[in-house]
Amino acid sequence: MAIGEHTLVALVLHQPGVLNRISGMFRRRGFNISSLTVGQSESEDLARMTFVVQGDDATVEQVTKQLYKLVDVVRVTDLDEDNSIVREMALVKVSATNQNRSEIIQISEIFRSKIVDVGAETVVIEITGDQSKIDRFIILLQPFGIREVMRTGAVAMSRGNAVTAQIDNNVSGASRVNNRPKDYDQNL
Amino acid sequence: MKLTGAQMVCESLIREGVDTMFGIPGGAILPLYQTFHQYPQLKHILVRHEQGAAMAADGYYRVTGKVGVAMATSGPGATNLVTGLATAQMDSTAIVAITGQVSRGAIGKDAFQECDITGVTLPVTKHNYLVMDIHDIPRVIKEAFYLAKSGRPGPVLVDIPKDLFTEEAEFIYPETVEIPGYNPTLEGNMSQIKKAASLINSAKKPVILSGHGAVLSRAFDEVKDLAERAQIPVITTLLGISSFPETHVLSLGMPGMHGVAYASMALDQADLIVSLGARFDDRVTGKLSSFAPNAKIIHIDIDPSVIGQNVRTQVPLVGDVKSVLQTLIPQVKQNNHEDWVQHIEEMRINHPSLRLKEKDNLTQQYIIKKISDITQGGAVVVTGVGQHQMWTAQYYTFSQPNSWVTSGGLGTMGFEVPAAMGAQVGKPDSVVWSICGDGGFQMTLSDLATIVENKLPIKFAIMNNHFLGMVRQWQHLFYEDTFTATQYSGNPDFVKLAEAYGIHSFRVTEKSEVDNAITDAMEHDGPVLIDFMVDPEENVYPMIPPGESVLEIVEEPTEEPTWR
Ligand SMILES: Cc1ncc(C[n+]2csc(CCOP(=O)(O)OP(=O)(O)O)c2C)c(N)n1
C-alpha cells in the first residue's frame, strides 16, 4: 500500500468544541495531518472540514473510521485525487526594493496571483492554487527575502455532480455511509 | 410544567429508568443534591472517593445492563472520576457521569474548583457535554443515556454549571433522540453474513473467539448455538469470560499472554477464527506477524474501527453480535469437526495448563480453585489487576453467563472494591466475590465504609503476597530479580482494618484452612474479608512474553526461564 497524501472531507456539526474533538483524536491516535481547515457549509448547523492526511490506505481507513466514531461527525469522504479540486490560499510578504519590485510583480503574474499590498520595503501577494503551486511560488520568491507566509490549508471539492460529504435530509437515518460493510470490503 | 434545572435532571434520570446513583456532593453540584429529597425513587449511594463512584457505576452496568450513574462536583470531584471513566471507555461499559461546574459567568476564569472537565475527559469518554442552556438539559440527558448504552457502549459525561440548577424553565422531555452523526449498525450485512457462513461451513479447524461484545450484547444462547451446531471450540478473551459456560466440553478458556496453552495453540493452528466482539488486543495476539498464520478471520463487531485495526480480516461484519449470530446461525451447517476437536482434546491432555501444583504452600491458584468449587462456578466474581486477576481468569470455572467483572482494557488496579460494590448493588441477591490484590485493595479500600453502610454482603478475598505481584513477576523474569519498588512491607493488618470498619474478618495461612474459611464467608450474612497469606514467589504461567508468538510459550517452567 502506497504511502501518500489523502484528502478527506468531513461534514460535522457546527458546534463549539468540535474542532477540539477532531484534532484531539488525530493527536492521540498518532495520525499525521498536514493540514486541516474548517468552515460553514451550505447548511447553517453543519460545517465542512478538509483534512490532508499522510499515510497508506490502511491508515486512511482507520482515520475515516475514527472520525465516524466521533458523535459530531456526520459524513466523511475520501476524495479521489483525479476527480477533485483542491485549493489553498496563501498570503506572502516579501522584501522588495525599487530595483526588484517589478521582477516580483512579474513572477506573481506568471502564477496568476495578486499583489494586495505594496509598502516602502515590502509587497504582499495573495496566491491561490494547489499546494505544490504555492510551494513552488514561495521557493521562487525566497531570493528576495520572505518576511512572512500565511497559508490557509487545503479546501477540497469533487468535480461534476458528486457532492463531497453530502448533506442529506435523511442523514440521521440509515443512509449514513459509515457503517456499511462495503466500505471495508474494498480492503480485502 | 416549570422546573428548576436540578429538578429537570432528576425528572430526566427517572425517565431513563435510573434508580441508583453513586457520588459525592460539593459546592457546584449542591443545588442538584438538595433536590434529591423530592425524588425518593432516586437512591443516592454516598461513596468515599469519586473514583469509586465511577467504578461502582461500571460494576453496576456490567452485571445489570442498566446504565450506571456517577455524580461529582466540579474540579477535584470531577477529576477523581477520570480513572473510572477511562476504565469504562476501554471496556465499553455504559456510565453516565453528571458533574457540577462553576457558574456560567465564572467559566474560563480559573474560578474556585473550576476544571475544564469536558476537555479533560475528551479522550476517555464516548462523548461529553457542557450544558450552557437550561432548555438543553432534558435533551442532553436523553442523548447521554442513549449514547452510553447503544452501539458500542461507553461512558458519557454531562457537565452542568451551578447556576443552571436553580434557573427555571418549561420541562419537555424529548421522545426520541436525533443525533445526525450517530447511527450504529446493528444488523449485519446479508452478503457478508453469507460469506461468513460459507467460510464456517468449509472450515476444517475453526475456533470461536468470544469477546466482551458477546457479553455486552447478551449473545449467550447464540454463542452456544453456533458452537454446538458446528462443533466449534470456543476461546474466550479476558473480557469474553462468562460469555460461554466453562463447564462446556467445547470451552477452551482464555488465550494469550497468560492464557491456557491449548487455547493459544488452537488459535495458532486454526484455519478460521470467528471473532465475536473481540478486538485482537496485543495481550491476545502477541506478535502480530506470526499470529494465527493459517487462519481466515470473520470479524463481527459493532464498532467498525476495530475491524482491520490489528489483524487482516477476510469477512468484516459490522453489527450487534447477537443480531448477527441470529441471522448467521441458520445458514451454518451442522458439523462435528471430529479430527479437530479430537486434536484439541489431545492438546488439552498434553498441555495441562491448569493442573494444581503439589505444593504445601498456600497458593492463589489453590484458593481460587476452592472458591470456584464451593460456589459451583456460580458467583459474580470481581477482581483487581495483576497476578490474582490472571489466576482468577484461569482457575475459576465460570458456569453462569455474565458473571465476571474485571478491568481488561485499561488494567486498573483498585477496581476490585468499588466495582464489587456496584455489582452487589445491581444484583443484591447474587453472591459477589471480590478477589483482591493487596496492592489494588489499598487503592480503593475507603469504600469499605460505603459497603458497610449499605449492607452489601460482598466476600473479599485478599491475596496478600506483600508485593505488587505482577510487577514483581516481570522484575523476576525480565530484570534479573531487581525488585525495585514492588515490596509492600508495611501492609496494615487487614483483619483489624476490616474489623475497624465493622466487617467480619479472619486470616488464613494454611492450605488446610481454606475450605472452612470460604464456607464460613458464604454462611455469614454480611460482608466478609479474608486475608489469605499467600506464597509471594509464585509466578503466573503459562506465559507468552510480550511481543512474542505462541511458540515462545512457557507452560510450567521446571527451571525459571530467562528472557532477559
Ligand atoms: C492503577 C494502576 N497502577 C499501576 C498498575 C501497574 N500494575 C499492574 S499489576 C500491578 C501489581 C498489582 O499488585 P496487587 O494488586 O497486589 O496484585 P497482584 O499482582 O499481587 O496479584 C501493578 C502495580 C496498574 N495496573 N494500575
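Side note on the overall build of chain B
1) Next: Within chain B, the regular secondary structure consists of 23 helices and 20 strands.
2) Next: The C-alpha radius of gyration computed for chain B amounts to 24 Å, which stays within 12% of the reference 24 Å derived for 564 residues, consistent with globular compactness.
3) Next: Its C-alpha atoms give chain B principal-axis dimensions of roughly 70 × 60 × 45 Å.
4) Next: Considering chain B as a whole, with its 564 residues, one finds that 61% of them fall into the buried category.
5) Next: When contacts within chain B are restricted to residue pairs at least 6 apart in sequence, those whose partners lie at least 24 apart make up 75%.
6) Next: By element, 49% of the accessible surface of chain B is carried by carbon and sulfur atoms, the whole surface being about 20,700 Å².

Remarks on helix 7 (residues 137-149) of chain B
All names here are of chain B.
1) Next: Under the 1.5 Å per step criterion, the end-to-end length of helix 7 is 19 Å for 13 residues, consistent within 8% with the ideal 18 Å.
2) Next: Burial analysis of helix 7 places ten of its 13 residues in the buried class, which makes it a mostly covered element.
3) Next: For helix 7, every residue scored as buried is listed here: Ile137, Pro138, Val140, Ile141, Lys142, Glu143, Ala144, Phe145, Leu147 and Ala148.
4) Next: Here the buried face of helix 7 lies against helix 1 (5-15), strand 4 (68-72), strand 5 (95-101), strand 6 (127-130) and strand 7 (155-161).

Some words on a nonpolar patch on the surface
1) Next: Together, Leu91, Val116 and Met150 of chain A give the surface a local cluster of nonpolar side chains, amounting to about 250 Å² of exposed area.
2) Next: Inspection of the secondary structure puts Met150 of chain A in strand 8 (residues 146-151).

Digging into the site of the ligand
Residues and elements named next belong to chain B.
1) Next: Contacts to the ligand come from 17 residues, most closely from Gln387, His388, Gly411, Gly440 and Gly469.
2) Next: A distance of 2.8 Å separates an oxygen atom of the ligand from a polar backbone atom of Gly469.
3) Next: A distance of 2.9 Å is found between an oxygen atom of the ligand and a backbone nitrogen or oxygen belonging to Met470.
4) Next: For the ligand, the protein covers 77% of the area, taking 580 Å² as the surface of the free molecule.

Remarks on the packing of aromatic side chains
1) Next: Enumeration according to the criterion identifies 14 aromatic pairs over all chains in this entry.
2) Next: Here the aromatic rings of Tyr33 of chain B and Phe36 of chain B are separated by 4.8 Å at their centres, their planes lie at 50°, and the arrangement is tilted. The same class applies to Tyr33 of chain B as to Phe36 of chain B, namely buried.
3) Next: Centre to centre, the rings of Tyr146 of chain B and Tyr182 of chain B are 5.8 Å apart; their planes meet at 90°, and the pair counts as edge-to-face. Pair noted here: Tyr146 of chain B is in helix 7 and Tyr182 of chain B is in the loop between strand 8 (168-170) and helix 9 (190-202), with a separation of 36 residues, a long-range link.
4) Next: Since its relative accessible area comes to 29%, Tyr146 of chain B is described here as partly exposed.
5) Next: Ring-pair connections join several aromatic residues into one group, and the members of that group are Phe26, Phe31 and Phe51 of chain A.
6) Next: For the cation-ring pair, Arg472 of chain B lies above Phe467 of chain B, with the distance from its terminal atom to the ring centre recorded as 5.3 Å.
7) Next: In this structure, Lys511 of chain B is placed above the aromatic ring of Tyr366 of chain B, and the distance from its NZ or CZ to the ring centre is 4.9 Å.

Section: the domain arrangement of chain A
All names here are of chain A.
1) Next: Annotation of chain A at the domain level lists domain 1 (1-78) and domain 2 (86-155).
2) Next: For domain 1 and domain 2, the distance between their C-alpha centres works out to 29 Å.
3) Next: When the two sides are added together, the surface that domain 1 and domain 2 hide from each other amounts to roughly 410 Å², 56% of it contributed by carbon and sulfur.
4) Next: The largest per-residue losses of area from domain 1 upon contact with domain 2 belong to Ser35, Thr37 and Thr50, which jointly make up 64% of the total buried on that side.
5) Next: At the surface where domain 1 touches domain 2, the tally comes to zero salt bridges.
6) Next: On inspection of domain 1 and its partner domain 2, the count reaches two residue pairs in polar contact (both at pLDDT 80 or more).
7) Next: Considered class by class, the residues forming the side of domain 1 that touches domain 2 number one nonpolar, four polar and one charged.

Some details on the environment of Val528 of chain B
All names here are of chain B.
1) Next: Summarising the element assignment, Val528 is placed in strand 20 (residues 528-533).
2) Next: The sequence separation of Val528 and Gly440 amounts to 88 residues, and the corresponding C-alpha distance is 17 Å.
3) Next: Among all residues touching Val528, those that are not within four sequence positions of it are Ile458, Lys459, Phe460, Ile503, His504, Phe506 and Ala521.

Observations regarding unusual backbone geometry
Residue and element names in this part refer to chain B.
1) Next: Along the chain, Tyr541 connects to Pro542 via a cis peptide bond; the corresponding omega equals 0°.
2) Next: Relative to the helices and strands, Pro542 resides in the segment after strand 20.
3) Next: In this model, Ser92 sits at a positive phi of 55°, which is unusual for a non-glycine residue.
4) Next: Along the chain, Ser92 falls in the loop between helix 5 (82-91) and strand 5.
5) Next: Here Ser92 falls in the buried class, since its relative accessible area comes to 6%.

Here's the deal with the sheet that holds strand 5 of chain B
For sheets, the rule is that strands pair by backbone hydrogen bonds, running either parallel or antiparallel.
Residues and elements named next belong to chain B.
1) Next: Strand order across the open sheet formed by six strands is 3-2-4-5-7-6, with parallel pairing between neighbours. Two strands lie at the open edges of the sheet, namely strand 3 (43-46) and strand 6, each paired on one side alone. Pairs of neighbouring strands in the sheet enclose a mean axial angle of 20°, with direction left out of account.
2) Next: Taken together, the four bridges between strand 2 (residues 20-23) and strand 3 define a ladder with parallel strand orientation.

Quick look at the nonpolar core
Residue and element names in this part refer to chain B.
1) Next: Counting 47 residues, the largest nonpolar core has Phe22, Leu81, Val382, Phe441, Ile451, Phe460 and Leu529 as its most contacted members.
2) Next: The dominant element in this core, judged by the number of residues it contributes, is helix 3 (residues 50-64), at seven residues.
3) Next: If near-sequence neighbours (up to four positions away) are discounted, Phe22 is found in contact with His44, Ile45, Val47, Ala53, Ala56, Ala57, Tyr60, Val69, Ala70, Met71, Gly422 and Val425.
4) Next: Grouped together as the second largest cluster of nonpolar side chains are 42 residues, Val9, Tyr33, Ala148 and Phe171 included.

As for helix 3 (residues 101-110) of chain A
Residues and elements named next belong to chain A.
1) Next: Within helix 3, burial applies to Arg101, Ile104, Ile107 and Ser108. For helix 3, the angular spread of buried residues about the axis comes to 125°, placing them on one side. Of the exposed residues in helix 3, the ones pointing more than 90 degrees away from its buried face are Ser102, Glu109 and Ile110.
2) Next: Those residues of helix 3 hidden inside the fold are in contact with strand 5 (84-95), strand 6 (114-118), strand 7 (122-129) and helix 4 (131-141).
3) Next: Just downstream of helix 3, Arg112 is the residue with a positive phi angle, here 50°.

About the thresholds
- Residues numbered from 1 in each chain as written.
- Chains lettered and ligands numbered in written order.
- Predicted model: local features only at pLDDT ≥ 70, side-chain atom pairs only at ≥ 80, totals over all residues.
- Heavy atoms only, no water.
- Helix = DSSP H or I, 4+ residues; strand = E, 2+ residues; numbered from the N terminus.
- Rg over C-alpha atoms; globule rule 2.2 N^0.38 Å.
- Buried < 20%, exposed > 50% of the residue type's maximum accessible area, 1.4 Å probe, protein only.
- Contact = heavy atoms within 4.5 Å.
- Areas by Shrake-Rupley, 256 points an atom, 1.4 Å probe, with all protein chains shown as cover.
- Expected span 1.5 Å × (residues − 1).
- Patch = residues over 30% accessible without salt bridge, like charges linked within 9 Å, V, L, I, M, F, W, Y side chains within 5 Å.
- Salt bridge = Lys/Arg side-chain N within 4 Å of Asp/Glu carboxyl O.
- Near = heavy atom within 4 Å.
- Polar contact = N/O pair within 3.5 Å; in protein donor to acceptor, adjacent residues only side chain to side chain.
- Phe/Tyr/Trp six-rings, centres within 6.5 Å; stacked < 30°, edge-to-face > 60°.
- Lys NZ or Arg CZ within 6 Å of the ring centre and 35° of its normal.
- Domains from an automatic or database assignment.
- Buried area = accessible area lost by both parts, 1.4 Å probe.
- Nonpolar A, V, L, I, M, F, W, Y, C, P; charged D, E, K, R; others polar.
- Pairing = 2+ DSSP bridges.
- Axes fitted to C-alpha atoms, helices over the stretch in contact; angles between N-to-C directions.
- Core = buried A, V, L, I, M, F, W, Y, C linked by side-chain atoms within 4.5 Å.
- Arc of directions from axis to C-beta.

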